[in-house]
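# Structural description and commentary
Read off the chains here:
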Amino acid sequence: MSEPAPKSDIDPAKFTTQFAPIRGVRLAFIREGIGGVPLLLAHGWPESKRIFWRVIEPLVRAGFEVIVPDLRGFGESEPGDFGDTVSSALDLAELMLTLGHKRYVVAGGDAGGPVVQEMAIRSPNVVDRMVLFNSPLPIDKVAMAHLRTRPAKEASDYFFRQGLEADALSQELRTEAERIRYISTFYGSRFWAHPGAFDPEAIAFHSEPFARSQTLRSSFRFYEAAFSKQARYEPPSLRPNPDTKTLILFGPSDHVLYPDFDRMAALVFANHVGPFLLRDCGHFVPWEAPHAFVSATTMLCADLLAVRR
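Attention here is on the structure that accompanies the text. (Residues numbered from 1 in each chain as written. Predicted model: local features only at pLDDT ≥ 70, side-chain atom pairs only at ≥ 80, totals over all residues. Heavy atoms only, no water.)

## Quick word on the sheet that holds strand β3 (residues 37-42)
The pairing of strands in a sheet happens through backbone hydrogen bonds and is either parallel or antiparallel. If you walk across this open sheet you meet the eight strands as β1-β2-β4-β3-β5-β6-β7-β8, and the pairing is mixed. Both edges of this open sheet fall to β1 (17-22) and β8 (272-277), since each of them pairs with a single strand only. Adjacent strand axes in the sheet meet at a mean angle of 20 degrees when their direction is disregarded. One ladder, built from four bridges, connects β3 with strand β4 (residues 64-69); its direction is parallel. Note that in β4 the partner of Leu 39 across the bridge is Val 66. Relative to the sheet, helix α1 (residues 53-62) contacts β2 (25-32), β3 and β4, its axis offset from that of β4 by approximately 155 degrees. Running at roughly 110 degrees to β1, helix α2 (residues 85-98) makes contact with β1, β2, β3, β4 and β5 (104-109) of the sheet. (Pairing = 2+ DSSP bridges. Helix = DSSP H or I, 4+ residues; strand = E, 2+ residues; numbered from the N terminus. Axes fitted to C-alpha atoms, helices over the stretch in contact; angles between N-to-C directions. Contact = heavy atoms within 4.5 Å.)

Written out as structure tokens, the structure reads:
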């Protein structure tokens, strides 16, 4: 069993939250280390900007300007009309431009992975490099025929319910306690994380942003977009990217993702560094393996950081 998380790691007020009107949505974000190499961190589900709490300060010390938003409909950000991959990718691109960044590094996992992949494909001259971990990928059935590309069936019930029965599921989770209990399972009993990676206090910290019924319901829209064209602002561009230099990290204790994520990602991103498998780490890489995340990202951007010093 891991040691309890330091109090600072589970302090919601550890960083100052800022807000900006972005594409008709009030977007919440953290911005630390102004003047460093700009690095955008995109969370997934069931996460908020808090999943990066353990890596923000060490990344700033390494020389990065770290920008960590809540995606639309998550955490402290407003939902807007759409909650799909493209909407969030356009939001984050606009946020970075608003902050004065015309070229930057992106990182993402889970649903944040397709978001940063979309950004890199749409704006190859803007996204300098990418860090990708435990994320959905485009599937090439021929090239990946020899790989394990399907997660365990028993881990996918949530995906179908949230994508096809979002309203019914939301109505079942009527109280704050029920909503928090539901989200808590993804950090504990569902085996997304490595056993013991989240103590009860850390689970409560990451589950709390979903206590509001509107936030939980809005977060399901990522899954609805997987099943319904009407739920998408635009069709996503999810496809192999041979150009963007991509660092591939994988927490292999993850029971919800493709067992061969690392090998699959190496095929999707021809210009890759790694893949690096992280011992005793599951789905939530920045929280479960913060030192590895920071040191690998610093290594990827060593030349950019040297110019800023």
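## Focus: the side chain of Ser 77
In this fold, Ser 77 is placed in the loop between β4 and α2. A distance of 2.8 Å separates a polar atom in the side chain of Ser 77 from the backbone nitrogen of Ala 28. For Ser 77, the residues in contact, after removing those within four places along its chain, are Arg 26, Leu 27, Ala 28, Asp 70, Leu 71 and Arg 72. (Polar contact = N/O pair within 3.5 Å; in protein donor to acceptor, adjacent residues only side chain to side chain.)

## A word on the environment of Pro 252
Looking at the element boundaries, Pro 252 is found in the loop between β7 (245-250) and α10 (261-268). Since its relative accessible area comes to 39%, Pro 252 is described here as partly exposed. In the structure, Pro 252 is positioned 207 residues away from Trp 45 in sequence and 18 Å away in space, judged by C-alpha atoms. Contacts of Pro 252, omitting those with residues within four sequence positions, involve Leu 278 and Cys 281. (Buried < 20%, exposed > 50% of the residue type's maximum accessible area, 1.4 Å probe, protein only.)

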